[in-house]
Amino acid sequence: MKLAIQTLAGKEAGSVEVSAEVFGLEPRTDLIARMVRYQLAKRQQGTHQAQERSTINRTTKKMYKQKGTGGARHGSAKAPQFRGGGRAFGPISRSHAHDLPKKVRVLALKHVLSAKAKDANIIVLDKAEIAEPKTKLLLETLAKLGWSNALIIGGETLQDNFVLAARNIPNLDVLPVQGINVYDIIRREKLVLTTAALDAINARLAG
């Protein structure tokens, strides 16, 4: 399948052939959903930690005598039912990450790219480069192109001017091709790929 190439000025710059194996699949939402869950679980810090009975620093003296009170028998003020006691079954520090086979992760990336292509939300850019690191100028350029919500994927190295100008624009993300991922693709409306990024994606995923 062919995709048109355009410049930041909005002019046509030819076309490029892309692999149907990567951009022409019938999207499977179940694979995309699994990958998003995998990514979000992996980034979760898991640093929540409650004070348990074993970690509470309170006296170990028996609270009151065993018999004759008419109440329940207790031996520790650390018990969860007492004010200042440990929490029963509270959260503990742990990793929320889970495994997902590499083949499934690769397939999910292909399907999310195919979903964007199917919805005509993939744009091929000749290069993501500007003369000055000016946010206002880049914002005006993107407004003319109609890219109010976009993810721009560049080559292995990004131009400093473009990154500096783009970093303060809301709803715009810029990543090198090594950082391409399912979650960032679906959270933005438009997917803008430079020709360098497209070559790297075809080399990595096709065949």
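Up top is the structure.
My aim in this report is to walk through the structure given alongside it, one point at a time.

Calculation notes
Residues numbered from 1 in each chain as written. Predicted model: local features only at pLDDT ≥ 70, side-chain atom pairs only at ≥ 80, totals over all residues. Heavy atoms only, no water. Core = buried A, V, L, I, M, F, W, Y, C linked by side-chain atoms within 4.5 Å. Buried < 20%, exposed > 50% of the residue type's maximum accessible area, 1.4 Å probe, protein only. Helix = DSSP H or I, 4+ residues; strand = E, 2+ residues; numbered from the N terminus. Pairing = 2+ DSSP bridges. Axes fitted to C-alpha atoms, helices over the stretch in contact; angles between N-to-C directions. 1 Å grid on protein atoms, 1.4 Å probe; cavity = no way out; pocket = protein on both sides within 12 Å on 5 of 7 lines; lining within 4 Å. Points joined across faces, edges and corners; volume = space filled by probe spheres on them. Nonpolar A, V, L, I, M, F, W, Y, C, P; charged D, E, K, R; others polar. Salt bridge = Lys/Arg side-chain N within 4 Å of Asp/Glu carboxyl O.

Counting residues in each nonpolar core, the largest one holds 33 residues, and the members touching the most others are Phe23, Leu113, Ile153 and Ile201. Among the elements that line this core, the one with the most residues is helix 3 (residues 102-118), at six residues. Leu142, Leu145, Trp147 and Ala150 belong to the second-largest nonpolar core, a separate cluster that totals 17 residues.

Once that is clear, we can look at the pairing of strand 3 (residues 122-125). Burial of the side chains of strand 3 extends over both faces: Ile122 and Val124 are buried on one face and Ile123 and Leu125 on the other. For strand 3 and strand 6 (residues 190-194), the ladder comprises four bridges, and the chain directions are parallel. Looking at strand 6, one finds that leucine 125 is bridged to threonine 194.

Our focus in this paragraph is unusual backbone geometry. Where the residue is not glycine, phi is negative for most of them; where a peptide bond is considered, it is trans in most cases. Despite not being glycine, alanine 120 shows a phi value in the positive range, around 60°. Within the fold, alanine 120 resides in the loop between helix 3 and strand 3. Given the relative accessible area of 57%, alanine 120 is considered exposed.

In this section: the sheet that holds strand 3. Here we have six strands laid out as an open sheet, ordered 2-1-3-6-4-5, and mixed in their pairing. Sheet topology places strand 2 (12-17) and strand 5 (172-175) at the edges, where each strand pairs with a single neighbour. Mean inter-strand twist for the sheet, computed between neighbouring axes without regard to direction, equals 30°. Direction of pairing for strand 4 (residues 150-153) relative to strand 6: parallel, over a ladder of four bridges. When the sheet's bridge partners are listed, isoleucine 152 is paired in strand 6 with valine 192.

Further remarks concern the layout of surface pockets. The calculated volume of the largest pocket comes to roughly 240 Å³. Lining the largest pocket are Met35, Tyr38, Gln39, Lys42, Lys102, Arg105, Val106, Leu109, Ile180, Asn181, Val182 and Arg204. Broken down by secondary-structure element, the contributors of at least two residues to the lining of the largest pocket are helix 2 (29-43) and helix 3. Each residue belonging to the lining of the largest pocket can be placed in one class, and the counts come to six nonpolar, two polar and four charged.

All told, the structure shown has six salt bridges when counted by the stated rule. Note that glutamate 26 and lysine 118 form a salt bridge whose closest N and O atoms lie 2.8 Å from each other. Of the two residues, glutamate 26 is situated in the loop between helix 1 (20-23) and helix 2 and lysine 118 in helix 3; the sequence distance between them amounts to 92 residues. The pair glutamate 26 / lysine 118 is uniform in exposure class, with both members exposed.

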